[in-house]
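One-letter residues, chain by chain:
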Amino acid sequence: MIVMKDVYKKYSNGVVASNGINIEISRGEFVYVVGPSGAGKSTFIKMMYREETPTSGDIFIDGVNLATLKRRKVPYLRRRIGVVFQDFKLLPKLNVYENVAFALEVIEETPARIRKKVTDVLELVGLAQKARMFPNELSGGEQQRVAIARSIVNVPQLVIADEPTGNLDPETSYEIMNIFERINARGTTIVMATHNKEIVNTMKHRVIAVEGGLIARDELGGAYGYEV
Ligand code: ADP
């Protein structure tokens, strides 16, 4: 699903955020990306959905080489990858239904198909009853559910999450994690950057630790491995 070969990223200010990363992530895997702040986790995952581009090296997503991907093809890639952020990034003036439908409308679905897909995905995240509410009427956990629904409505092969439980209390974090588990159980690859030690240590998956722009550790069913 994801292959990185000798990926090196130097920002314009001279900071080297990836210092020669080689990694393979297979279809259907669930991977945590852990490491200290400033280690290069965000850069690592941003390069997977081409929010950042490497200075050198190759990145293949589902066989597509991002290094040679034409700029006009980037929106197409983004629709095949769901992305979930710590701060939800919902559109405040759109209701729950519209926030999710918005992701589909841009690819010219018919109204009937939009209705079916949005309704199904809101059902999956447990928000069917709140479709007409606005983001500011929802709890943090509910807002994150909307963001997850939006990320999977196009049925992507890959979902990338950057600290998805970072703003949530422990109980809500577990609810959100259970949704990611369900999505993964349907065959979707999940890559999740997280500082949530308890979750990493209890809901076991592959752990990739990034330190100083390098893969410091890569363990199936690994532990968080840092003090918090
Ligand atoms: P993490 O997610 O592990 O906290 P980041 O990938 O965000 O790490 O950052 C790695 C390093 O790259 C840090 O030193 C950070 O300051 C730097 N960095 C991140 N984004 C940028 C940017 N857009 N411009 C310049 N430096 C950046």
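Since the structure is predicted, the reported quantities are computational estimates derived from the model, not experimental observations.

S.K.: When you look at the environment of Gly140 in this model, what are you seeing that I'm missing?
M.R.: Relative to the helices and strands, Gly140 resides in helix 5 (residues 140-152). The class of Gly140 is partly exposed, set by a relative accessible area of 25%. Between the C-alpha atom of Gly140 and that of Asn167, which follows or precedes it by 27 residues, the distance is 7.4 Å. When near neighbours in sequence (up to four residues on either side) are disregarded, Gly140 contacts Phe88 and Leu168.

S.K.: Looking at this structure, I do not really get the layout of surface pockets. What am I missing?
M.R.: Regions of empty space are outlined by a rolling probe, equal in size to a water molecule, passed over the atoms. Approximately 570 Å³ is the volume attributed to the largest pocket. Around the largest pocket, the lining is made up of 19 residues, and of these Arg78, Ile81, Val83, Ala103 and Arg150 lie nearest the centre. If you list the elements that add at least two residues to the lining of the largest pocket, you get helix 2 (74-80), strand 6 (81-85), helix 3 (96-105) and helix 5. When residues of the lining of the largest pocket are assigned to their parent elements, the largest contribution, four residues, is made by strand 6. Of the residues that constitute the lining of the largest pocket, the class distribution is 10 nonpolar, four polar and five charged. There are two domains that each give the lining of the largest pocket at least three residues, and those are domain 1 (1-80 + 157-172 + 183-228) and domain 2 (90-155).

S.K.: I would appreciate a short explanation of the site of the ligand in the present structure.
M.R.: Residues in close proximity to the ligand include Tyr11, Asn13, Val15, Ala17, Pro36, Ser37, Gly38, Ala39, Gly40, Lys41, Ser42 and Thr43, which together make up its full environment. The contact in question runs from an oxygen atom of the ligand to an N or O atom on the backbone of Ser42, over 2.8 Å. A distance of 2.5 Å separates an oxygen atom of the ligand from a polar side-chain atom of Thr43. Surface burial for the ligand is 64%, taken as the share of its 560 Å² of free accessible area covered by protein chains. Here the element with the most residues in the shell around the ligand is helix 1 (residues 41-48); it accounts for three residues. For the shell around the ligand, the per-class residue count stands at five nonpolar, six polar and one charged.

S.K.: Explanation requested: the domain arrangement of the protein chain in the structure shown.
M.R.: Note on interface size: it is often stated as the accessible area lost on association of the parts. Per the domain assignment, the segments of the protein chain are domain 1 (1-80 + 157-172 + 183-228) and domain 2 (90-155). Relative to domain 2, the C-alpha centre of domain 1 lies at a distance of 25 Å. Both faces considered, domain 1 and domain 2 share a buried interface measuring about 710 Å² in area, 68% of it formed by carbon and sulfur atoms. The largest contributions to the domain 1 side of the interface with domain 2 come from Arg79, Ile183 and Arg186, which together make up 56% of the buried area. Inspection of the region where domain 1 meets domain 2 yields zero salt bridges. Considered class by class, the residues forming the side of domain 1 that touches domain 2 number four nonpolar, two polar and two charged.

Reading the values: the criteria
Residues numbered from 1 in each chain as written. Predicted model: local features only at pLDDT ≥ 70, side-chain atom pairs only at ≥ 80, totals over all residues. Heavy atoms only, no water. Helix = DSSP H or I, 4+ residues; strand = E, 2+ residues; numbered from the N terminus. Buried < 20%, exposed > 50% of the residue type's maximum accessible area, 1.4 Å probe, protein only. Contact = heavy atoms within 4.5 Å. 1 Å grid on protein atoms, 1.4 Å probe; cavity = no way out; pocket = protein on both sides within 12 Å on 5 of 7 lines; lining within 4 Å. Points joined across faces, edges and corners; volume = space filled by probe spheres on them. Nonpolar A, V, L, I, M, F, W, Y, C, P; charged D, E, K, R; others polar. Domains from an automatic or database assignment. Near = heavy atom within 4 Å. Polar contact = N/O pair within 3.5 Å; in protein donor to acceptor, adjacent residues only side chain to side chain. Areas by Shrake-Rupley, 256 points an atom, 1.4 Å probe, with all protein chains shown as cover. Buried area = accessible area lost by both parts, 1.4 Å probe. Salt bridge = Lys/Arg side-chain N within 4 Å of Asp/Glu carboxyl O.

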